[in-house]
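# Remarks on the overall topology
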Amino acid sequence: MTRSANPLSLERLVSFLDTELALPEFPHDESSNGLQVEGGAIVRKIGVAVDACEFVFEKASAANIDFVLVHHGLIWGGIKSVGGILKKRMKALLGADISLYACHLPLDWHPVYGNNAQLLKLLSIRKVGEFGEYHGKRIGYWGRTSREMSLKDFLSRVDSALKTKSFSMDFGNKVKNVGVVSGGGWSAIHDAEKYGIDTFLTGEPSHSAYVLAEEMRVNLIFSGHYSTETLGVKAVGALLQKKFGIEVEFIDHPTGL
Ligand SMILES: [Zn+2]
């Protein structure tokens, strides 16, 4: 990777991302999507990560990154005061003149760069349609595997693709029609019957999902909130590298959850 020859302005980068990631599609997202913290006017190196936290910001600062794009940002539902952990995180960013850009639900939903579209692609599932309503909009996708397979075979595909160890519940179906909603998207299982889904994959385990899945006879797979949500930021990172010829680094901070 090489450093950009032509300086990229923060303004140009933010405007490109706002449009490309279709932020206006999600006016009711609790996350303040877009530029959350303004750093320097010129961007020379970009970092992408799942979570906005001190570890990520320190790593960014040590790597001379001046723009960090995350899936889970710092500002949820507005700021009433700046203190405690938020103060520490803000200080880490502002002290190093690093900008922070967050993209939450639009980056779950995005048909190309989103976590769920990327998940289907990675798992060689042909996308059929949107699925999984959340705050009035479907943010997941469902699709078909090229052949019917056992849950065991499908799980080994998932685990090797995501480099994770999924937790699953077999409710008797072969795998063919798969619905995916990354992260904490378990409640999308309510839509499984409607779309004829036999296997539902999400990130974080949920007790409530179990009984629903059992009654609907839908296989349940929990592959980790973190590991299902690294895909979107990485895809956007690759896009930015290609578009602007700028160096992009994935800042890995796995939670194992
Ligand atoms: Zn998430």
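Here we summarise the structure given alongside this text. Along every chain, residues carry numbers that run from 1 in the direction the sequence is written. Only residues with pLDDT of 70 or above have their local features reported here, since the model is predicted, and side-chain atom pairs are shown and tallied only from 80 upward, although totals for entire chains, interfaces and linings are computed over all residues. By convention in this description, side-chain values take in all heavy atoms of the structure and omit both hydrogens and water.

A few words on the pattern of salt bridges. Between side chains of opposite charge, a pair can form when the charged atoms approach closely. Salt-bridge detection follows one rule: a side-chain nitrogen of Lys or Arg within 4 Å of a carboxyl oxygen of Asp or Glu. Overall, the coordinates contain five salt bridges when judged by the stated rule. Residue Lys137 is joined to Glu25 by a salt bridge in which the shortest nitrogen-to-oxygen separation is 3.2 Å. Remark: Glu25 occurs in the loop between helix H1 (10–20) and strand E2 (34–37) and Lys137 occurs in strand E8 (residues 137–149); sequence separation between them is 112 residues. For the salt bridge of Glu130 with Arg138, the shortest nitrogen-to-oxygen distance reads 3.8 Å. Accessible area is worked out with a 1.4 Å probe on protein chains only. A residue is then buried under 20% of its type maximum, exposed over 50%, and partly exposed in between. Judged by relative accessible area, Glu130 falls into the partly exposed class, the value being 28%. Helix numbering and strand numbering both begin at the N terminus, where a helix is a DSSP run of H or I of at least 4 residues and a strand a DSSP run of E of at least 2.

Here we take up the packing of helix H5 (residues 115–122) against helix H9 (residues 231–244). Packing of H5 against H9 brings their axes to within 8 Å, and their N-to-C directions diverge by 90 degrees. By the criterion of interaxial angle, the relationship of H5 to H9 is roughly perpendicular. Only Leu231, Gly232 and Ala235 of H9 make contact with H5, whose side of the interface consists of Asn115, Gln118, Leu119 and Leu122. When the residues that make up the contact of H5 with H9 are grouped by side-chain class, the tally is four nonpolar, three polar and no charged. Only the stretch in contact is used when fitting a helix axis, every axis being a line fitted to C-alpha atoms; angles between N-to-C directions are given from 0 to 180 degrees. Orientation is classified from the angle alone, with under 35 degrees giving roughly parallel, over 145 giving roughly antiparallel, 65 to 115 giving roughly perpendicular, and any other angle giving oblique. Whether two residues are in contact is decided by their heavy atoms, any of which lying within 4.5 Å being enough. Think of it as three bins: nonpolar holds Ala, Val, Leu, Ile, Met, Phe, Trp, Tyr, Cys and Pro, charged holds Asp, Glu, Lys and Arg, and polar takes everything else, Gly as well.

Listing the buried residues of helix H7 (residues 207–216) in full gives Ala209, Ala213 and Met216. On an axial view of H7, the arc spanned by its buried residues comes to 65 degrees, and they lie on one face. In H7, those exposed residues whose orientation departs by more than 90 degrees from the buried face are His207 and Glu215. Of the surrounding secondary structure, the elements contacted by the buried residues of H7 are strand E12 (219–222). Think of a polar contact as two N or O atoms within 3.5 Å of one another; within protein, one of them needs to be a possible hydrogen donor and the other a possible acceptor, and neighboring residues in sequence only count if both atoms come from side chains. A distance of 3.2 Å separates the backbone nitrogen of Ser208 from a side-chain oxygen at the start of H7, and that oxygen is part of Ser206. The first or second residue beyond H7 is Arg217, which carries a positive phi of 55 degrees. The directions considered for the arc are those from the helix axis to the C-beta atoms.

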